[in-house]
Amino acid sequence: MAQCKLTPHEFIQNAFAPQIAILCSEDADNLCLKNNLRFVELVQPFCRLNNETRIADPAGNTVPIRNLRVVFEDMNRRPPQPTLGKKLLNEVVGTTPWDRPVTKTISASGTRSGLELELQSTTPWFEAWRDTFLHVQYPSDHEFTKHYIACIVVVASTSENPMDQLNRLSQYQHQQQHQTPARFPKWFSPNILKYYLLIHDVTLGDLTKSEQIFEQMCSMYGSNNCHLLQINSRAMDQMDVHLPDPWTQFLIQRASIDPSGGSSSEASSGTGTPREDVSCLPSRVTEGDTTDCCEPIHPLSPTLSPPAEEKNGTFDVMPAVEISSDVPVMVNKPTLPTGTTHHGGCLTSSDVDRIRIFVHEFCVRSLIPHVERQIRYLNEVVTNRSRSKSLLSATRRWLGGNKSPGAATNSVIYSPEATELQTRRLGDLCFMFGLYELAYNSFHTAKNDFKSDQAWLYFAGAQEMAALAAFMHNSADYPKRYLESSLQTYLSVCKVYNFAIRSTLLSTEVLKHCGEYGEAAMMFIKLTSEESDLLSALMLEQAAHCFINARRPLPRKYAFHMTLAGHRYGKAGQRSHSLRAYKQAFQIYATRGWVLAEDHIHFTLGKQAHHLKQLTEGLAAYNSLVDQRTKQAAPSQQSPTQQMTYIREFINTYHQYIQQEWDSASGLPCLPLPLIDSQATTILLGSPQEAPTSPGWTAASHVSLDSGAIANDRWFALERELITETQATLPIVFRPNLQLLNKDTPNTQSPMVPVNEPVLVELIMSNPLAVSLMITDVQLVFTFKASGDQEMAGDPQVKHSMFKGFNLPAGAQEKVRLELYPACTGQILITGVQYKLSLTPDLVAAPPPGSTAVPVVIEGQQAIEVKGPRLNSTAAEKCNVVYASDKRLEITVVPPLARLSVIFNNLPHILSCGELHSADVAITNTGPCAISKLLLAISDPNHIYLSTTESALEDKHVLTLNESESVESRVTKRVQPVTLQDGMLKPGDTIRGKLWLHAPSLPGAFDVELLFYLETQNMTGKGRYRLLRHFTSVYVERSLSLKVSSLISQSLNKSISNQNNEETKNTHTANVVVEAVNNSEVDSACGTYTIMGVSSNSKKWAIIPHSSLPEQVLGYGESCHLCVKCIQQQNPVLKN
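Numbering of residues begins from 1 in every chain and follows the order in which that chain's sequence is written. With the structure being a predicted model, the display of local features is reserved for residues of pLDDT at least 70 and the display and counting of side-chain atom pairs for 80 or more, all residues being used for whole-chain, interface and lining totals. Side-chain metrics rest on all non-hydrogen atoms present in the structure, leaving aside hydrogens and water.

Colleague: Mind laying out the sheet that holds strand β39 (residues 1119-1128), listing which residues take part and the relevant values?
Modeller: What makes two strands pair is DSSP finding at least two bridges between them. Put simply, DSSP H or I for four residues or longer makes a helix, DSSP E for two residues or longer makes a strand, and each gets a number counted from the N terminus. On the basis of which strands lie adjacent, the open sheet formed by 4 strands has the order β34-β35-β39-β37 and antiparallel pairing. A single partner strand is all that each edge strand has here, and the edge strands are β34 (1040-1048) and β37 (1101-1103). The sheet shows a mean angle of 30° between the axes of neighbouring strands, taken without regard to direction. Sheet topology note: the strand β35 (residues 1069-1078)/β39 ladder contains 9 bridges and is antiparallel. Paired with Ala1076 across the strands is Cys1120, a residue of β39. Axes here mean lines fitted to C-alpha atoms, for a helix over just the part in contact, with angles spanning 0 to 180 degrees between N-to-C directions.

In structure tokens, the structure reads:
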């Protein structure tokens, strides 16, 4: 339970303050109306005495009374009818403001540091409802705390005959008090105190005349019962509206009540609070079928019609008040202006002091002496009668036994002068004036008498007051069981829920003061029911505060009961309080992973905020409801139908928010759907390779957004060799020239793109819900800062493309590719993506007849934020989560550069082992600048060779080696320059050549990797070179295997020993046997081989051709043997 403004003692004292009736003439009220106040309202701020007074008990001992408060009420005031009473209670809850919640650390089980919660330190709406409930409560016959103990008759000195008015008003009061049957108002005793007040207007009246009238009053009614009050010392034209206004806080909302209990003013709470149809309180508070008292129902009664007394076939709904036509009583008083009206404008500080003195003299000189006399009288009556009744009561208890409240509930009717009621009257009077010990004794005696008579309503009331009197006398020792028993009797036996509510409000304050928050929470929960939503909401909320403020806080119980309170607030029409309660409860559920509970709270928050026109808060709730980024560990468990409801509410609220509250100058708000994986964003710089128009030609693969996994390490190694070749040394820090950037590339440097070349951005959008979404008009959100003082006239500096749209099914992913075309140098920063979102047309709700279903389309954006890999090298990085910088979205636009286009013709996909193949190559400069240097890095120079000269290898299966190389030598240099005519390749020029591929001897994949390096003429510094990649994978199949054996002739052996001395001119021969085996597989592309001939690749030996050598055809697994003659050549020229 939150902290209240009043202490429990002050609250209980105010709840049972003495009731004083005010009977004011019309002239007197008119004088007060100069200050926009009636007389009853004029004295409200001064109802509490600031100094200490004393009262004597029957034994003559004086007891101090601190802060005595009296309640002044118009004698003709009637408690509001049930409908208006419910409306007032709803309005006072809905219109009472509250403070911002404060942060408080709650120690909870399972947590080390506790929970940081924002809690309401006070609940002013509950206190206002509580005060209003006690204010509109009807007086009952079983207790006397709401009965008038005195009456102040007020007249004005400006009247024609003030003394006659006093006499007539006094007679009218007497008539109302002693009417038969007894009706409203209720009076404490037959002989009440009458006090006579004469009001003198300083600016209008004659003070001498007023003093003469006052002397007549004193001689007739006694000086202690009369008072002259001077007010309005300031004229109306001299009013000062800047003076303090102490009356505003005491003025309750005015409502014009018609005879039927209606109100001329509607609710203006701003929360759309409807009238409650039912409540949990019945009306009757009098046991038995009495005919002398007919009471209307309480405003919180579950029945809409009050208990009626049938007389002559009619029902008396509200007790009538017959007033003589000649009695000047303000029955139909004028409605005062409401709003920001200033009060007390004609009063000076002296007038205010006089009002305060009047209240003090009334209490000290008249009221307290009257109460002392009444206490002595009642004490004597009770003492004398109790002696004669003690024997009879003991006999009755002995014969009847100890009956419990659940036993017989016979009707009990007490006469007004019954000893039991006199005892109760004595206890109430002592309680109201601070004689708590005597009050406890009286209540305890009355409790036993009522219990023996089985008058359970009287018994419950006396038991409740006995506990409160004991608490007020000694807070440390009070019978708590009395409070529990009285509440149970009110609820279960008597069925008088209004007194059960009052008992709970008082008892919980006592329990809170004693630190028994658990018991207080249980009392609040007992009052919850399905009949009154507002009452249940208030009680559940107070129970939640009890759980969180207990010595051992229970945050989950707090959240559960606060959620229930929010639900009941919503049913009662208190949307603002429902919103607040759900927000309080969500603090506990937010980090628990309870997805369904979070969804329920978010949906309710959004709905209530939307009804309250709080679109910002409503949109935030719906955004959390549909945003699946926070639910990766626990995705949505809602059904597709429920998700559809969530999405529809979100779209409608977002649409209204954009139209009504959003500032278009600040861009577009963020949308939570669809999900965009920022880390998966891929950037492609520069123009892609265009497909050739000639048939049979293919463009270099380069890099594209469709490229799969790329082995960047191998390409980076080739780039290092190229840079080393051009610069003669490798830079200290190597930063590769990236054209395709993703999360796997090193993006510590801003990428560069030439002017008038595109930047392609690929995003991945996914739909995490079970509902299809329609995405349209997708475009990038970026900023561009031109370098220098460049100004572009006409076209924008950066053109961008727009993706028209697509349908994103449930659980699907879609790749979206967008382009930027910079027209001048500068810096591009991509910040997000902008798009339109709607439901697919087939999911839109059915339209009214005669109309078409048009889905609501909303436009928003999502931010794209990327980060590099997590760093884990230093101790600080290991202890914290630190990521490397990722600048792939920060693109630098540089001046135009040369651009290379490479196409191939007859590039094979399958080769046989050892096969030699050539493909035509065309290298073209498609950029606006000339190329000054062109290099090629080859992954395997032993099997790949590019030739751009005229003396290219012929298209035959022969490999010629250089003079200085042997057969076993290997090529280790992977960089080869490409010869440029005149040292440059101008824009549009083409270099043609052949690419030779020598298939390895082992079958399998043969990767052809070519990296072209080009430098733009007259370009220096960063970005002076560009790269072009080509990758193709050739499958190498099994083919022929050869096994060669030779037999050297005798003459050849002799010549070998002499060949080092001098060159012999003899010709020698040798026989060579070649075994050829077809090792190809059945499903090979080339399964049959035909041996056309045998040739030699040697400088000293040649094979003698045999014209008679037949063609040998080898099928799968077949082999053949060939025998040829080799001769030793006499000249070093190679012959085939």
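Colleague: Any chance you could break down the confidence of the model for the protein chain for me, citing the residues and the numbers?
Modeller: Across the protein chain, the average pLDDT comes to 81, with 82% of residues at or above 70. As a per-residue measure, pLDDT tells how confident the predictor is, with possible values from 0 to 100. The lowest-confidence element of the protein chain is strand β11 (residues 314-315), averaging 30 in pLDDT; the highest-confidence one is strand β7 (residues 148-156), averaging 95. pLDDT under 50 marks residues 253-339. Its contacts with residues more than four places away, or in other chains, come to 234 contacts. Of the regions scoring below 50 in pLDDT, residues 952-968 engages in 15 contacts with residues more than four places distant in sequence or in other chains. Should any heavy atoms of two residues lie within 4.5 Å, those residues are counted as being in contact.

Colleague: Give me the lowdown on the pattern of salt bridges, citing residues and values where you can.
Modeller: Here a salt bridge means any side-chain nitrogen of Lys or Arg lying within 4 Å of a carboxyl oxygen belonging to Asp or Glu. Enumeration over the complete set of coordinates arrives at 34 salt bridges. A salt bridge links Glu464 to Arg502, with the shortest nitrogen-to-oxygen separation between them at 3.3 Å. One end of the pair, Glu464, is in helix α11 (residues 456-473); the other, Arg502, is in helix α13 (residues 497-513), with 38 residues separating them in the sequence. The pair formed by Glu464 and Arg502 is uniform in burial state, with each residue classed as buried. Ionic pairing is found between Arg568 and Asp533, a salt bridge with its closest N-O pair at 2.9 Å. On the criterion of sequence distance, the pair formed by Arg568 in helix α16 (residues 555-571) and Asp533 in helix α15 (residues 533-548) is long-range, its members being 35 residues apart. By relative accessible area, Arg568 is classed as buried at 7%. For every residue, the accessible area obtained with a 1.4 Å probe (protein chains only) is divided by the maximum for its type, and the residue is called buried under 20%, exposed over 50%, and partly exposed between those limits. Residue Asp533 is classed as buried on the basis of its relative accessible area, which comes to 14%.

Colleague: Tell me about the pairing of strand β25 (residues 900-905), residues and numbers included.
Modeller: β25 sits mainly inside the fold: 6 of its 6 residues count as buried. The pairing of strand β14 (residues 697-699) with β25 spans 3 bridges and is classified as antiparallel. By the bridge assignment, Thr698 is partnered in β25 with Phe904. Of the strand pairs in this sheet, β25 and strand β27 (residues 916-925) are connected by 6 bridges, and their pairing is antiparallel.

Colleague: Which residues make up the packing of aromatic side chains, and what values do they have?
Modeller: Aromatic pairs are defined between Phe, Tyr and Trp rings, using the six-membered ring for Trp, whenever the two ring centres lie within 6.5 Å; interplanar angles under 30 degrees are classed as stacked, those over 60 as edge-to-face, and all others as tilted. Applying the stated criterion across every chain, the model contains 28 aromatic pairs. Relative to Tyr458, the ring of Phe450 has its centre 5.2 Å away and its plane inclined at 45°; by these criteria the two rings are tilted. With a relative accessible area of 0%, Phe450 lands in the buried category. Three or more aromatic residues link up through ring pairs in this structure, and these residues are Phe39, Phe72, Tyr195, Phe358 and Phe362. Two thresholds decide whether a charge sits over a ring: the Lys NZ or Arg CZ must be within 6 Å of the ring centre and within 35 degrees of the ring normal. Positioned over the ring face of Phe184 is Lys186, at 5.9 Å from the centre of the ring. In this structure, Lys867 is placed above the aromatic ring of Tyr883, and the distance from its NZ or CZ to the ring centre is 4.2 Å.

Colleague: Can you break down the packing of helix α18 (residues 595-611) against helix α19 (residues 615-626) residue by residue, with the values?
Modeller: Contact geometry for α18 and α19: axes closest at 8 Å, N-to-C directions at 155°. By the criterion of interaxial angle, the relationship of α18 to α19 is roughly antiparallel. In this structure, the crossing between α18 and α19 has a hand that is left-handed. Side by side, α18 and α19 meet where Asp599, His602, Phe603, Leu605, Gly606, Lys607, Ala609 and His610 of the first sit next to Leu615, Glu617, Gly618, Ala621, Tyr622, Ser624 and Leu625 of the second. Broken down by class, the residue content of the contact of α18 with α19 amounts to 7 nonpolar, 5 polar and 3 charged. Roughly parallel refers to an angle under 35 degrees, roughly antiparallel to one over 145, roughly perpendicular to one between 65 and 115, and oblique to any angle outside these ranges. Crossing handedness is read from the near helix: turned anticlockwise from the far helix by less than a right angle, it gives a left-handed crossing, and turned clockwise, a right-handed one. Amino acid classes used here: Ala, Val, Leu, Ile, Met, Phe, Trp, Tyr, Cys and Pro are nonpolar; Asp, Glu, Lys and Arg are charged; the rest, including Gly, are polar.

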